[in-house]
Amino acid sequence: MTMLAVAALFSCEAARAAGDPARGERAFQYCYSCHTVDPNEKATLQGPNLVGIVGRRIAAQEGFEYSPALRAFAREHGAWSEDLLDRYVADPETVVPKTTMAFRGVEEADERADLIAYLKAQPKP
Amino acid sequence: MRFFRCSLAVAALFAAALPAAAQQVQVYQLPAGAYPHDVAPAPDGKMWYAAQKHGAIGIFDPKTGEAREVKLGPKSAPHGVITGPDGAAWLTDGGQNAIVRFDPKTEEIKVWKLPEDTGYTNLNTAAFDKDGIHWFTGQNGIYGRLDPKSGEVKVFKAPKGRGPYGITATPDGEVYYVSLAGSFLGKIDRATGETTVIEPPTPNQGARRVWSDSKGRLWVSEWNSGNLSMHDPKDGSWKAWRLPGEKPRNYAVYVDERDVVWMTDWGADAVLSFDPKTEKFASFPMSAKGANVRQILGRPGEVWFPESGTDRLMVIRTGATQ
């Protein structure tokens, strides 16, 4: 059982490691209506800016009104690791019950890996 | 296709705090996790709901309190549902990036995918014009049209990019939509597909949804500003009213058959009605904190609210028939 779990974990990490930022730009279209990766974005969007999201503290964008659910999640988990982000993007409502992000999630692990690779590749200000 | 049943779990009548004695509030529990995003009245008296997280259309019978859901297809995640002139349910299915028709008699599901090169559009809401053309919005910065007779789908890029959200048809069949990120009201030229941008007086107001009253005036729920606003195309005028409370967040808007305006304030977890004649608001509590009502629709005498945060439907029976 442990071996299987390790294998599954390894497989998951390997899939993320193989994420393609170019393909991830297409996957980012799932997020695009509410999020940006442009540090100079002027539009008022419904979600926080995702510049530097990988490794960033959760619910930490100044001035953004996060849901109580995400603020509680932040107190428990601290920062967005790749693994945590992967789990959240796969099934937001299960990972953060009562999140106001109305998104069902990205089922395919390789698509999530591409998305995370894209987010990591975005230049920080 | 998957079916299941859920019996009525919550049926509450609230007699207190109602502004009109005849009005009754009733709440019904839906299958857990359904996440009812939008709702629409079916011709037979049932209610349809877009079960976004079940990838299904929900069919709820207020007479029995029973709900069942019919799956719409792989990756389905419907956002909007409306009743078409053909008596069918029409869903804007973001997960399938498609417009979906559900026939209530045969339960046949027909899917029109958006063109492949469009990419994921985050399909939002739809309305039919007077010629039976189905117009839809996609929050990633598009709007489009589907001709149900020919099956032709056309997609247009929206002014200001991302943001197209609510859409409505006026009694004379013209179509308007609003842009949440673009903060504008747009009128579609139904012949060319072009949008004329109508700028509201409040900058960055965050127009979430729009609905027409019987006179063709457009009522807009403003998320960022917390206002209810109204544009009259006849004279080009705008009016705006700040919702009561410290930090209102106006999400959904609907105008009933009496031209009473209904909206949902996420800042107060409340439903509000607004009488344009008196310019007064009345407040009704949602069934729970965080009920998150994202849309409103009804039929004469009934106003329905899908609570995405509690998997419930709430109805206010107004006691009016016309």
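The preceding data block contains the structure.
To keep things clear, this report deals only with the structure shown in the data block. (Residues numbered from 1 in each chain as written. Chains lettered and ligands numbered in written order. Predicted model: local features only at pLDDT ≥ 70, side-chain atom pairs only at ≥ 80, totals over all residues.)

**So, the interface of chain B and chain A**
Stated precisely, the cut-off is as follows: Whether two residues are in contact is decided by their C-beta atoms, placed from the backbone, lying within 7 Å. Residues are grouped as follows: Ala, Val, Leu, Ile, Met, Phe, Trp, Tyr, Cys and Pro are nonpolar; Asp, Glu, Lys and Arg are charged; all remaining types, including Gly, are polar.
Counting residues at the interface gives 18 residues for chain B, matched by 13 residues for chain A. Residue composition of the side of chain B that touches chain A, grouped by class: 4 nonpolar, 12 polar and 2 charged.

**Looking at the environment of alanine 18 of chain A**
Our working rule: In this description a helix means any DSSP run of H or I spanning at least four residues, a strand means any run of E spanning at least two, and both kinds are numbered starting from the N terminus.
Structurally, alanine 18 of chain A is set in the loop between helix 1 (2-17) and helix 2 (21-27). Sequence separation between alanine 18 of chain A and serine 67 of chain A is 49 residues; the distance between their C-alpha atoms is 32 Å.

**Observations concerning the environment of valine 95 of chain A**
Residues and elements named next belong to chain A. Tracing the sequence through the fold places valine 95 in helix 5 (residues 92-95). Between the alpha carbons of valine 95 and leucine 70 there is a distance of 9.8 Å; along the sequence they are 25 residues apart. In this structure valine 95 touches Arg87 and Tyr88, once residues within four positions along its chain are discounted.

**Brief notes about the sheet that holds strand 6 (residues 78-83) of chain B**
Residue and element names in this part refer to chain B. Quick reminder of the rule: Strands were regarded as paired on the criterion that DSSP finds at least two bridges between them. Axis lines are fitted to C-alpha atoms, over the contacting stretch for helices. Their N-to-C directions set the angle, which ranges from 0 to 180 degrees.
Sheet architecture is open: 4 strands sit in the order 6-7-8-9, paired in antiparallel fashion. Every other strand in the sheet has two partners, leaving strand 6 and strand 9 (109-113) as the edge strands with one partner each. Across this sheet, the average inter-strand angle for adjacent strands is 20°, counted without regard to direction. Here 5 bridges tie strand 8 (residues 98-102) to strand 9, and the two strands are oriented antiparallel to one another. Residue pairing for strand 9: phenylalanine 102 is matched across the bridge by isoleucine 109.

**Thoughts on the sheet that holds strand 12 (residues 142-146) of chain B**
Residues and elements named next belong to chain B. Strand order in the open sheet formed by 4 strands is 10-11-12-13, and the pairing between neighbours is antiparallel. The open sheet is flanked by strand 10 (123-128) and strand 13 (153-157), the only strands paired with a single partner. Taking the axes of each pair of neighbouring strands and ignoring which way they run, one obtains an average angle of 20° across the sheet. Bridging between strand 11 (residues 134-138) and strand 12 involves 5 bridges; their strand directions are antiparallel. Paired with threonine 137 across the bridge in strand 12 is tyrosine 143.

**Details of helix 4 (residues 82-90) of chain A**
The criterion, for reference: Put plainly, a residue is buried at 20 or more neighbouring C-beta atoms within 10 Å of its own, exposed at 12 or fewer, and partly exposed in between, counting only other residues' C-beta atoms, which are placed from the backbone. Regarding the arc, it is the one traced by the directions from the helix axis to the C-beta atoms.
Of all the positions in helix 4 of chain A, only Glu82, Leu85, Asp86, Tyr88 and Val89 of chain A are classed as buried. Around the axis of helix 4 of chain A, the buried residues are gathered within 165° of arc, so they sit on the same side.

**Some thoughts on unusual backbone geometry**
All names here are of chain B. One non-glycine residue, asparagine 97, lies in positive phi territory at about 50°. Structurally, asparagine 97 can be placed in the loop between strand 7 (89-93) and strand 8. The exposure class of asparagine 97 is buried, given the 22 C-beta atoms found within 10 Å.

**Quick notes on the nonpolar core**
For the record, the criterion: The nonpolar core is taken to be a set of buried Ala, Val, Leu, Ile, Met, Phe, Trp, Tyr and Cys residues joined by way of C-beta atoms within 7 Å.
By size, the foremost hydrophobic cluster in this structure holds 89 residues, and its most contacted members are Ile57, Val81, Val210, Trp219 and Val253 of chain B. Among residues more than four places away in sequence, those in contact with valine 210 of chain B are Gly166, Ile167, Thr168, Tyr176, Tyr177, Val178, Leu185, Leu218, Trp219, Val220 and Val253 of chain B. Within the second largest apolar cluster, 26 residues are counted, among which are Tyr30, Ile53, Val106 and Ile116 of chain A.

**What to know about the pairing of strand 27 (residues 302-307) of chain B**
All names here are of chain B. By the criterion of burial, strand 27 is predominantly enclosed, with 5 of the 6 residues buried. In this structure, strand 26 (residues 297-299) lies alongside strand 27, joined through 3 bridges in antiparallel fashion. Bridge assignment links arginine 299 to a residue of strand 27, and that residue is glutamate 302. Here strand 26 hands over to strand 27 after 2 residues, with glycine 301 in that stretch at a positive phi of 90°.

**So, the pairing of strand 13 of chain B**
All names here are of chain B. In terms of strand pairing, strand 12 meets strand 13 through 5 bridges, oriented antiparallel. When the bridges of strand 13 are listed, leucine 146 appears paired with valine 153. Counted between consecutive antiparallel strands, the loop separating strand 12 from strand 13 contains 6 residues, among which glycine 151 sits at a positive phi close to 80°.

**A closer look at the packing of helix 4 of chain A against helix 6 (residues 109-121) of chain A**
Residue and element names in this part refer to chain A. The cut-off we apply is this: Each angle is binned into one of four classes, with values under 35 degrees roughly parallel, values over 145 roughly antiparallel, values of 65 to 115 roughly perpendicular, and all other values oblique. Throughout, a crossing is termed right-handed when the near helix is turned clockwise from the far one, and left-handed when it is turned anticlockwise from it by less than a right angle.
In contact at an axis separation of 10 Å, helix 4 and helix 6 are set at 125° when each is read in the N-to-C sense. Taken together, the axes of helix 4 and helix 6 are oblique relative to one another. The way helix 4 lies across helix 6 gives a crossing that is right-handed. For the pair helix 4 and helix 6, contact is made by Glu82, Leu85, Asp86, Val89 and Ala90 and by Arg112, Leu115 and Ile116, respectively. When its residues are assigned to classes, the contact of helix 4 with helix 6 shows 5 nonpolar, no polar and 3 charged.

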